[in-house]
Amino acid sequence: MTEKRILVVEDDDDVGPLLMHALIREGYLVDLATTKAEAWAHLDAHEYTLVITDWRLPDGDGIIIADAAAEFGARTVVMSGYLFQMPRDRADAHETLMKPVRPSEVLDVVQRCIGEPSAHR
């Protein structure tokens, strides 16, 4: 069975690595991007089961990344501390999480979206 690969797009130097390590510890294969440009490079290079992105990135709108990932067949989660300011018509296509998030909340959403990891390390 193919490993479940997750892309985390988060520009916060503390939050991104924390989420990445929590997901890896659970057995998921995880890549981390800190900008929209890095996220595009990852999406061009790999197929993802799930993409978790911050809404506001230093170089643009994370919902654009989530929309593209969904077109490629990935499940998507958009996180933001400004969730109530996010345009509903754009956010409704994705799972959403209000920041600040706890790793346990992210793990719950990941398992709900794509299930348990396929392979444990």
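Above this text you will find the structure in question.
Let me begin by describing the structure that accompanies this report. (Residues numbered from 1 in each chain as written. Predicted model: local features only at pLDDT ≥ 70, side-chain atom pairs only at ≥ 80, totals over all residues. Heavy atoms only, no water.)

Concerning the side chain of D54
- The residue D54 is located in strand β3 (residues 50-54) in this model.
- A relative accessible area of 6% places D54 in the buried class.
- Looking at D54, its side chain comes within polar contact range of the side chain of K99, at 3.1 Å.
- Apart from the residues lying within four places of it in its own chain, the contact partners of D54 are V9, E10, D11, G62, M79, S80 and K99. (Helix = DSSP H or I, 4+ residues; strand = E, 2+ residues; numbered from the N terminus. Buried < 20%, exposed > 50% of the residue type's maximum accessible area, 1.4 Å probe, protein only. Polar contact = N/O pair within 3.5 Å; in protein donor to acceptor, adjacent residues only side chain to side chain. Contact = heavy atoms within 4.5 Å.)

Points about the sheet that holds strand β1 (residues 5-9)
- Strand order in the open sheet formed by five strands is β2-β1-β3-β6-β7, with parallel pairing between adjacent strands. In this open sheet, the two strands that pair with only one neighbour each are β2 (29-33) and β7 (95-98). Across this sheet, the average inter-strand angle for adjacent strands is 20 degrees, counted without regard to direction.
- The pairing of β1 with β3 spans four bridges and is classified as parallel. Of the residues in β3, the one forming a bridge with I6 is L50. (Pairing = 2+ DSSP bridges. Axes fitted to C-alpha atoms, helices over the stretch in contact; angles between N-to-C directions.)

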